[in-house]
Amino acid sequence: MDIPLELSFHNMEPSDALKAAVEGHVAKLEQLHDHVIGCRVAIEMPHKSHRLGSNAPDVRLVVRVPGREIVVSRELAHSGNKKTATDAYSVLDNAFATALKQLKDYRRQIQGETKPKDVPLTGHVAEIVAERKYGFITAPDGGQIYFHRNSVADEGFDALKVGDTVEYAAVMGDKGPAAARVWRTEKANQNDPLASENRART
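**Let's talk about the pattern of salt bridges**
Counting across every chain of the model gives five salt bridges. The residue Lys161 makes a salt bridge to Asp164 at a minimum N-O spacing of 3.9 Å. Overall, Lys161 belongs to the partly exposed group, its relative accessible area being 44%. Here Arg184 ties to Asp164 by a salt bridge, and the two come within 3.0 Å at their closest N and O atoms. Of the two residues, Arg184 is situated in strand 9 (residues 176-184) and Asp164 in the loop between strand 7 (144-148) and strand 8 (165-173); the sequence distance between them amounts to 20 residues. For Asp164, a relative accessible area of 2% corresponds to the buried category.

Spelled out as structure tokens, the structure:
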């Protein structure tokens, strides 16, 4: 993963056993999708005074891959199960099983899409992770497209700012939607107050 696993415990003592279980589930996700950007897991006991066996924990799971952020709550994880899990391990199993299914669906969706035309698309820089040498572009349909600094024309990665208008050539690879080539345009940054004012007048 580009970002180390983020695991937090609330209203309960941290557990090395639960951490190992989470790491095992994350490893399975990485086997399915070869570019998991990051994963956040929060395990919480709703009432601190209750015992673990009699009070089902809440688990919130966020998995980020290029072009998609998958969010799983305890309610979503249980929606397809007849039996409600009553311990942290079972809730984790359900949450990660739901995330795994969503990842599989997303992978099939990507593989089933036709390759885009060579006509450059226009989007805006949504995020730049300079220390990791990559970023994301907001596509016309609202989705996010991953790009690496090596994809930016004229070695212009360091000059990019969030909100900059860019043109890019999209590809569908094993790691999901990505920009094979990115060009910065002369159009105003969408986060520029003056640019926003000018757009409002037109």
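**Examining the sheet that holds strand 2 (residues 38-44)**
Sheet architecture is open: four strands sit in the order 1-2-3-4, paired in mixed fashion. Edge strands, defined here as strands with exactly one partner in the open sheet, are strand 1 (6-10) and strand 4 (68-72). With strand direction ignored, the average angle separating the axes of adjacent strands in the sheet is 10°. Its contacts with the sheet place helix 1 (residues 16-32) against strand 1, strand 2 and strand 3 (58-65), and it is angled at close to 145° to strand 2.

**Some points on the pairing of strand 6 (residues 134-138)**
Of all five residues in strand 6, four are buried; the element is thus mostly enclosed. In terms of strand pairing, strand 5 (residues 121-129) meets strand 6 through five bridges, oriented antiparallel. Across the sheet, the residue bridging to Val125 is Ile137, located in strand 6. Linking strand 5 to strand 6, which pair antiparallel, is a turn of four residues; within it Lys133 sits at a positive phi near 65°. Bridge analysis of strand 6 against strand 7 gives five bridges, and the strand direction is antiparallel. Within the sheet, the bridge partner assigned to Gly135 lies in strand 7 and is Phe147. Between strand 6 and the antiparallel strand that follows it, strand 7, lie five residues; Gly142 among them carries a positive phi value of about 95°.

**Quick word on the nonpolar core**
Ranked by size, the top nonpolar core spans 26 residues in total, and within it Val41, Ile43, Leu61, Val63, Leu92 and Phe96 carry the most contacts. Of all the elements in the fold, those that place two or more residues in this core are helix 1, strand 2, strand 3, strand 4 and helix 3 (88-112). The element contributing the most residues to this core is helix 3, with eight residues. Residues within four places of Phe96 in sequence aside, it is in contact with Val22, His25, Val26, Leu29, Cys39, Val41 and Leu61. The next biggest cluster of nonpolar side chains, apart from the first, holds 12 residues, and it includes Val125, Ile145, Phe147 and Val182.

Rules and cut-offs
- Residues numbered from 1 in each chain as written.
- Predicted model: local features only at pLDDT ≥ 70, side-chain atom pairs only at ≥ 80, totals over all residues.
- Heavy atoms only, no water.
- Salt bridge = Lys/Arg side-chain N within 4 Å of Asp/Glu carboxyl O.
- Buried < 20%, exposed > 50% of the residue type's maximum accessible area, 1.4 Å probe, protein only.
- Helix = DSSP H or I, 4+ residues; strand = E, 2+ residues; numbered from the N terminus.
- Pairing = 2+ DSSP bridges.
- Axes fitted to C-alpha atoms, helices over the stretch in contact; angles between N-to-C directions.
- Contact = heavy atoms within 4.5 Å.
- Core = buried A, V, L, I, M, F, W, Y, C linked by side-chain atoms within 4.5 Å.

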